Amino acid sequence: MILLLILLTGCLCSCSLSDILPTVQFPQRTTETVTPYKEVKPDNLTYSEGYQPVTSTYSYDALPKEGEKLLYNRILENCYDISPNPTEDRYPMPRIELNGYSLSEAEVRTTSKALTDDHPEIFWLTGTIGFYTDESMTAIQIYSNFSPEEVGTRVSAMRSAANAFYTSVPDGLSAFEREVMVHDFLIDHVEYDKNVDTINLDNNNPDTYTAYGALVNKVSVCEGYVRAFQMLLNGLGVECVGVIGESQNQMHIWNAVKLDGSWYYVDPTWDDQEQTYARHLYCNVNEEYLLEDHTISPLFTSLEEDEINGIMGEYSASVMNIYIPECTDDSMGYYKQKTPHLRDYDAADVKSGMLTAAQRQEEYFVFYVEDDLDYQTVITDLFMEYPQHFFTYINAVNNSLSDYSIDESNIAYFTHERGRIVAVELHYY
């Protein structure tokens, strides 16, 4: 008999991931002896009254075997029952036995990944899973990182933080408006953990990979942003999942969100920029846009079992995807929806939008260049060559201002051709 301890690492930004798979001899099948278990009963989420929460089941639905789905549900049922007596530094949960189902190691790994993908609110499971199988059954032992009392305290704190956010969400918002509220809330309140150790992962605080770390500690890496984003949006009735891959040659994770029937990619980590005009460059983009600087990891169905188990190839259970939505639309892109559009050089929308920005004395004014215009030609005609249309727009705006004016001699502009936006830094005198 073999007991496999499966260590599924969390996802980090700016680091490499690996699975560790020690194997120990387990002399015979034994009955469970760790009792009693204490049921964790944290404070409830109150959500926002105007919206119906949703629960993601995309990864569950993608599991091909009945036994995998049964294991998924059994882990979900048992994860709030935790022994107060630790085994080494882990707190056991009830042993799960699936009689009549013989699951492979890769199937157990895939099932565990599916559950954490669907349930960002469950953050206390360790990466260690005790696993036994034979021709007639599969047995699983799962563990918590924390005692039942600490899990209860932490979950209540996380839910309290979520509830505080939900009270700020007014009724009647569209799914897009709710998404932007969550996106901006996380960027404003979460700090990226710049001290994360990318060499020795054991030195890192495990909270930094979780929704708890993002919402309570307000310090996180990409996985914490993604789990908090998914959790808060699901609570507001918007479907959202996480998608794993690479960026800048490092493992990375971001979200996909479903708006008005179409899926879009969102990378809240990369949008957490100091420059206010650049905080939505990855908010509701399509796959073509994303793949300029992101790589999407393969689906589990395209990998061999040895790859999922982390003993061959470059992928493993922790860095594969269970579900990847099709993101081909960009009509709900943030800048398409929220900024004035330059449709021609008359630029009525741009002049009106810049007047509003100037009346508020905003530092930056951003506008979108319509898709049917040649972007580089527009930039040349607006700022570089006669008649430099943009300066005529400033004159029109200044004619409508009374107490101050935009300083047309002190203009800086920033271009982002892929996003088809122009950001102009405004100064006043």
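Refer to the structure printed above.
Attention here is on the structure that accompanies the text. Keep in mind it's a predicted model, so treat the numbers as computed, not measured.

Conventions we followed
Residues numbered from 1 in each chain as written. Predicted model: local features only at pLDDT ≥ 70, side-chain atom pairs only at ≥ 80, totals over all residues. Heavy atoms only, no water. Pairing = 2+ DSSP bridges. Helix = DSSP H or I, 4+ residues; strand = E, 2+ residues; numbered from the N terminus. Contact = heavy atoms within 4.5 Å. Axes fitted to C-alpha atoms, helices over the stretch in contact; angles between N-to-C directions. 1 Å grid on protein atoms, 1.4 Å probe; cavity = no way out; pocket = protein on both sides within 12 Å on 5 of 7 lines; lining within 4 Å. Points joined across faces, edges and corners; volume = space filled by probe spheres on them. Nonpolar A, V, L, I, M, F, W, Y, C, P; charged D, E, K, R; others polar. Buried < 20%, exposed > 50% of the residue type's maximum accessible area, 1.4 Å probe, protein only. Phe/Tyr/Trp six-rings, centres within 6.5 Å; stacked < 30°, edge-to-face > 60°. Lys NZ or Arg CZ within 6 Å of the ring centre and 35° of its normal. Left-handed = near helix turned anticlockwise from the far one by under 90°.

What about the sheet that holds strand β19 (residues 412-416)?
Turning to step 1, where the next piece is worked out: With mixed pairing, the four strands of this open sheet are ordered in space as β17-β18-β20-β19. Each edge of the open sheet carries a strand with a single partner, namely β17 (341-342) and β19.
Turning to step 2, where the next piece is worked out: Relative to strand β20 (residues 421-425), β19 is paired through five bridges, and the arrangement is antiparallel. Within β20, the residue paired with Y413 across the bridge is V424.
Turning to step 3, where the next piece is worked out: Against the sheet, helix α13 (residues 375-384) touches β17, β18 (364-369), β19 and β20, its axis set at about 175° to β19.

A short note on empty space enclosed by the protein
Turning to step 1, where the next piece is worked out: Summed over all chains, the structure comprises two cavities of 30 Å³ or more.
Turning to step 2, where the next piece is worked out: S56, Y58, S59, D117, D118, V241, G242, I322 and Y323 are the residues that line the largest cavity.
Turning to step 3, where the next piece is worked out: For the lining of the largest cavity, the secondary-structure elements that each account for two or more residues are α1 (58-62), α3 (105-118) and β12 (240-247).
Turning to step 4, where the next piece is worked out: Taken as a whole, the second largest cavity encloses approximately 30 Å³ of empty space.
Turning to step 5, where the next piece is worked out: Along its surface, the second largest cavity is lined by V54, T55, S56, Y58, N234, E239 and C240.
Turning to step 6, where the next piece is worked out: For the lining of the second largest cavity, the class distribution of residues is three nonpolar, three polar and one charged.

Focus: the pairing of strand β8 (residues 137-141)
Turning to step 1, where the next piece is worked out: The buried count for β8 comes to five of five residues, which makes it a mostly enclosed element.
Turning to step 2, where the next piece is worked out: Residues M137, A139 and Q141 of β8 are buried on one face, and the alternating residues T138 and I140, pointing to the opposite face, are buried as well.
Turning to step 3, where the next piece is worked out: Pairing analysis gives four bridges linking strand β6 (residues 96-99) to β8, with the strands arranged antiparallel. From the neighbouring strand, N99 faces β8, where its bridge partner is M137.
Turning to step 4, where the next piece is worked out: Pairing geometry for strand β7 (residues 130-133) and β8, over four bridges, is antiparallel. Within β8, the position partnered with F131 by the bridge is I140.
Turning to step 5, where the next piece is worked out: Connecting the antiparallel pair β7 and β8 is a turn made up of three residues.

Structural notes on the packing of aromatic side chains
Turning to step 1, where the next piece is worked out: Counted by the stated rule, this structure contains 23 aromatic pairs.
Turning to step 2, where the next piece is worked out: Judged by centre distance (5.1 Å) and plane angle (65°), the rings of Y80 and W124 are edge-to-face. In this pair, Y80 sits in the loop between α2 (66-78) and β4 (81-82) while W124 sits in the loop between α3 and β7, placing the two residues 44 residues apart along the sequence. Residues Y80 and W124 agree in their burial class; the two are buried.
Turning to step 3, where the next piece is worked out: Pairing W263 with Y323 gives two aromatic rings, centres 6.2 Å apart and planes at 65°, and the pair type is edge-to-face. One end of the pair, W263, is in strand β14 (residues 262-266); the other, Y323, is in the loop between α10 (305-308) and α11 (334-338), with 60 residues separating them in the sequence.
Turning to step 4, where the next piece is worked out: Since its relative accessible area comes to 8%, W263 is described here as buried.
Turning to step 5, where the next piece is worked out: Accessibility expressed as a relative area gives 23% for Y323, which makes it partly exposed.
Turning to step 6, where the next piece is worked out: In this structure an aromatic cluster arises from ring pairing among F365, F367, F383, F390, Y393 and Y413.
Turning to step 7, where the next piece is worked out: The ring of Y143 is capped by R90, whose NZ or CZ atom sits 4.8 Å from the centre of that ring.

Focus: the sheet that holds strand β16 (residues 294-296)
Turning to step 1, where the next piece is worked out: Pairing in this open sheet of five strands is antiparallel, and the strands run β15-β14-β13-β12-β16 from one edge to the other. For this open sheet the edge positions go to β15 (283-285) and β16, each flanked by a neighbour on one side alone. When the angles between neighbouring strand axes are averaged without regard to direction, this sheet yields 45°.
Turning to step 2, where the next piece is worked out: When β14 meets β15, the two strands line up antiparallel, connected through two bridges. Looking at β15, one finds that Y265 is bridged to V285.
Turning to step 3, where the next piece is worked out: Contacts from helix α7 (residues 222-235) reach β12, β13 (250-259) and β14, with the element oriented near 15° to β13.

Points about the packing of helix α5 (residues 175-189) against α7
Turning to step 1, where the next piece is worked out: Two elements in contact, α5 and α7, have axes whose closest approach is 10 Å; the angle formed by their N-to-C orientations is 145°. Every pair of crossing elements has a handedness; the one defined by α5 and α7 is right-handed. Along the contact surface, α5 presents R178, E179, V182, H183, F185 and L186, while α7 presents Y225, A228, F229, L232 and L233.
Turning to step 2, where the next piece is worked out: Looking at the contact of α5 with α7 residue by residue, the class counts come to eight nonpolar, one polar and two charged.

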